[in-house]
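Residue-level listing of the chains:
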Amino acid sequence: MSKARSRTDFLGAKIATLEEAKQQLEIWKLSSKKVVFTNGCFDILHKGHVTYLAQAAQQGNRLVLGLNTDASVKRQGKGDDRPINNEDARGTVLAAMSFVDLIVFFDDDTPIDLIRELEPDVLAKGADYDPDETDASSKKYIVGSDLVKANGGEVVAIPLVDGFSTTSILKKLQK
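Counting of residues starts from 1 at the beginning of each chain's written sequence and follows it residue by residue. Local features in this predicted model are restricted to residues of pLDDT 70 or higher, and side-chain atom pairs are both shown and tallied only at a pLDDT of 80 or more, whereas totals for entire chains, interfaces and linings draw on every residue. With hydrogens and water stripped out, all remaining heavy atoms of the structure feed into the side-chain values.

### Observations concerning the side chain of Asn 39
With respect to the helices, strands and loops of the structure, Asn 39 is situated in strand 2 (residues 35–40). The contact rule is simple, with two residues in contact once any of their heavy atoms fall within 4.5 Å. The residues touching Asn 39, leaving out its near neighbours within four places in the chain, are Leu 65, Gly 66, Phe 106, Pro 111 and Lys 125. Note on conventions: DSSP H or I runs of at least 4 residues are helices, E runs of at least 2 residues are strands, and numbering of each starts at the N terminus.

What follows is the structure, given as structure tokens:
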């Protein structure tokens, strides 16, 4: 029984408040760990998500995931029924991944405040975004890229796995 409890506790320990995350990043940076940040909804986890997160984690030593709250997901206009899984469920599933080191929820429309506060060494997004795009109004612009670059960090685009998206999964389920 104690093993099961400690493993469950381990999952919860990966989910942090902003203040807890800032403290953890300070420790990692003092020990010369390269911190990667990425963000998203990760509503119905699929191969594309897992591959993306694994590749993002390979860009450094620690992966911090900014996870949209339910309210933030709803404001993105993905549909009235989204998210399918609530933030607690999404956070718990993501925390089970060995290469996800820390999860911080954000309620804003973008993770800009998280990026500003955490100052990651690497900012990772999917290849549908462009690390060199500087026009903030462009759909290819990576929010926070200017901050990360100004702090001497790097911005990377991770290749996407063709044929996998939450929207396509939901369409298949509706058929």
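### Remarks on the pattern of salt bridges
The rule for a salt bridge is simple: a side-chain nitrogen of Lys or Arg has to be within 4 Å of a carboxyl oxygen of Asp or Glu. Counted under the stated rule, the structure contains seven salt bridges. Residue Arg 82 is joined to Asp 43 by a salt bridge in which the shortest nitrogen-to-oxygen separation is 2.7 Å. In this pair, Arg 82 sits in the loop between helix 4 (70–75) and helix 5 (87–95) while Asp 43 sits in the loop between strand 2 and helix 3 (47–57), placing the two residues 39 residues apart along the sequence. Asp 43 carries the same exposure label as Arg 82, and that label is buried. Measuring nitrogen to oxygen at the nearest pair gives 2.8 Å for the salt bridge that ties Asp 70 to Arg 90. Of this pair, Asp 70 sits in helix 4 while Arg 90 is found in helix 5, placing the two residues 20 residues apart along the sequence. Summarising the burial analysis for this pair, Asp 70 and Arg 90 share the class buried. It is possible to trace a salt-bridge network through shared partners that takes in Glu 19, Lys 22 and Glu 117. Only protein chains enter the area calculation, which uses a 1.4 Å probe; residues under 20% of their type maximum are buried, those over 50% are exposed, and those in between are partly exposed.

### Focus on the side chain of Asp 70
One polar contact links the side chain of Asp 70 to the main-chain amide nitrogen of Glu 87, over a distance of 2.7 Å. In this structure Asp 70 touches Pro 83, Asn 85, Asn 86, Glu 87 and Arg 90, once residues within four positions along its chain are discounted. Contacts described as polar in this section are N or O atom pairs within 3.5 Å, which, within protein, must combine one atom able to donate a hydrogen with one able to accept it, while residues neighboring in sequence count only if both atoms come from side chains.

### Things to note about the pairing of strand 4 (residues 102–106)
Judged by how many residues are buried, strand 4 sits mostly within the fold: four of five residues are covered. Pairing of strand 1 (residues 15–16) with strand 4 involves two bridges; the strand directions are parallel. In the strand pairing of strand 4, Ile 15 is matched with Ile 103. Strands are treated as partners if at least two bridges between them are detected by DSSP. Sheet analysis places strand 3 (residues 62–68) next to strand 4, joined by five bridges and oriented parallel. Directly across from Leu 67, in strand 4, lies its bridge partner Phe 105.

### Some words on the nonpolar core
By convention a nonpolar core is built from buried Ala, Val, Leu, Ile, Met, Phe, Trp, Tyr and Cys residues, the set being connected through side-chain atoms within 4.5 Å. In terms of nonpolar packing, the biggest core is built from 18 residues, with Phe 42, Leu 53, Leu 63, Leu 65, Leu 94, Ile 103 and Ala 124 touching the most fellow members. Where this core is concerned, the elements lending two or more residues are helix 3, strand 3, helix 5, strand 5 (122–126) and strand 6 (154–158). Examining the composition of this core, we find that four residues originate from one element, helix 3, more than from any other. Excluding residues within four positions of it along the chain, Phe 42 makes contact with His 49, Tyr 52, Leu 53, Leu 65, Leu 67, Arg 90 and Leu 94. Residues Ala 21, Leu 102, Leu 114 and Leu 118 belong to the second largest nonpolar core, which totals 17 residues.

Keep in mind these values describe shape, not function.
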